[in-house]
Amino acid sequence: MSVTAVREVVPRLTRWGLTPDADLIYRALSTLGTQSVNDLARQLGIPQQRVNRALDELVAAEAVRPGRARTTTAYRTETAPWEPVALASVLPRLRRPRDADPPAERWRRHVATVSGLGLPALENIAVRRWPTRAITRRRVAELVAAERYEHLTINTEPVIDAESTAAALPLDRSILARGIRLRMLGLPPSDGDRWYGVALGGTEGMYRERQALPLKLLLFDRRVALFPADPLDLEKGYVEVRDPTVAQALGAMFDRLWAEARDPCLQGVRPIELTARELALVRLLAMGHTDQSAAVELKVSVRTVAYTMRNLMDRLGVDNRFQLALLLGATGRAPLPPTAREASGESTS
């Protein structure tokens, strides 16, 4: 007798600080079963480098493990298998409060982010070192006074000390008083106290938290960036970079992190909401309809089908229809895409 395998509904793991790529890879392994890096890259339509980074993140979260066929010598090969750890084991670990990152990890993230800016490759770039924290604060006040439309901040300290608060609070209040858009990213406070937001007058809509952040950063009007010279000792001052290419890259990084973070003022995570047309369309496509036959069923044009799918993928931040099917299927909004065994017609008994 054949039975249909019951697959667990996987919540969006980004709510606990994992990146969208890590969420997608775990979702794919949970749906498709054991896969290699090559398999995942081909199925999902993303580069192998991104797959490897996501797997590294999932290994650190104890959410994936080497497949049974993997050998020690094959550990980093692109054809070696990976398999998911059961969701029932993964979720309690993700939900458990995390200790502060060790210094080596903070250095690694900081260096990786700064290296990714490509500073040596840029000509005529304006870089200046402010040698102490006190001097940097005076420079921050000057840059804030010159801001016109936006102030972005990433804070990587689990607890904001009294001295930092005394310096930052007046500046942040002046930013808001002038009608400048303020957005702040931070770590969940290790002591659970979010009193800074209360002192600022409420931060709903302008403050979000993420379990891990790459570096401490101040970005002024997406023109000037400040980040620590040494992430483990802020008293050693900051580096100021005044370059449109670097500032825009950091702004794009901030936007990605902001999209993955959550506002602690809001309870829970907003579910994926589909319009009636979107829901009907994804269900038809998951059942095996082509764009043409789905258009006939819905009495719309093929162009409307393509436009609806493209708009939905852009809204949910996925790159192709297979990724979209994994996301919608695993969160219960549409049928899951078939596994390789199901697609071939093989039954389980």
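Residues numbered from 1 in each chain as written. Predicted model: local features only at pLDDT ≥ 70, side-chain atom pairs only at ≥ 80, totals over all residues. Heavy atoms only, no water.

Novice: Requested: an account of the sheet that holds strand E2 (residues 64-66), with residues and values cited.
Specialist: Across the sheet, three strands lie side by side as E1-E3-E2; this open sheet has antiparallel pairing. If you trace the sheet from one side to the other, it starts and ends with strand E1 (35-36) and E2, each paired once. The pairing of E2 with strand E3 (residues 81-84) spans three bridges and is antiparallel. Along E3, the bridge assignment pairs Arg65 with Glu83. (Pairing = 2+ DSSP bridges. Helix = DSSP H or I, 4+ residues; strand = E, 2+ residues; numbered from the N terminus.)

Novice: With reference to specific residues and values, describe the sheet that holds strand E4 (residues 126-130).
Specialist: The sheet built from seven strands is open, its strands ordered E4-E10-E9-E8-E5-E6-E7 with mixed pairing. The two strands at the open ends of the sheet, each matched to only one other strand, are E4 and strand E7 (207-209). Taking the axes of each pair of neighbouring strands and ignoring which way they run, one obtains an average angle of 15° across the sheet. Alignment of strand E5 (residues 150-155) against strand E8 (residues 217-220), held across four bridges, turns out to be antiparallel. What sits directly across from Ile154, in E8, is Leu217. Here helix H6 (residues 133-146) sits on the sheet and contacts E4, E5, E8, strand E9 (224-228) and strand E10 (238-242); the angle it forms with E10, its principal contact strand, is near 30°. (Axes fitted to C-alpha atoms, helices over the stretch in contact; angles between N-to-C directions. Contact = heavy atoms within 4.5 Å.)

Novice: Quick one: what's the story with unusual backbone geometry, residue by residue and with numbers?
Specialist: Of note in this structure, Asp221 is not a glycine but carries a positive phi near 55°. Here Asp221 shows up in the loop between E8 and E9. Asp221 gets classed as buried once you look at its relative accessible area, which sits at 3%. Although it is not a glycine, Lys299 sits at a positive phi angle of roughly 60°. Among the structural elements, Lys299 can be located in the loop between helix H11 (291-298) and helix H12 (302-316). By relative accessible area, which is 75% here, Lys299 ends up exposed. (Buried < 20%, exposed > 50% of the residue type's maximum accessible area, 1.4 Å probe, protein only.)

Novice: Provide a residue-level description of the confidence of the model for the protein, including the pertinent values.
Specialist: Confidence in the prediction for the protein averages 77 pLDDT; 72% of positions are at 70 or higher. Across the protein, element-level confidence peaks in E8 with a mean pLDDT of 94 and bottoms out in helix H14 (residues 340-343) with 42. For residues 70-76, every residue scores under 50 in pLDDT, and the model assigns this stretch 10 contacts once sequence neighbours within four places are set aside. Counting interchain partners and residues more than four positions distant, the pLDDT-below-50 stretch residues 336-349 has 22 contacts. (pLDDT = per-residue confidence, 0-100.)

Novice: Please give an account of the side chain of Glu278 that cites residues and values.
Specialist: The residue Glu278 is located in helix H10 (residues 276-286) in this model. Its relative accessible area of 5% is what places Glu278 among the buried residues.

Novice: With reference to specific residues and values, describe helix H9 (residues 244-260).
Specialist: Between its terminal C-alpha atoms H9 stretches 24 Å, which fits the 24 Å expected from 17 residues at 1.5 Å a residue. Listed as buried for H9 are Val246, Ala247, Leu250, Gly251, Met253, Phe254, Leu257, Trp258 and Glu260. (Expected span 1.5 Å × (residues − 1).)

Novice: Go over H10, please, and point to the residues and values.
Specialist: Listed in full, the buried residues belonging to H10 are Glu278, Leu279, Leu281, Val282, Leu284 and Leu285. Once H10 ends, the next one or two residues include Gly288, with phi positive near 110°.

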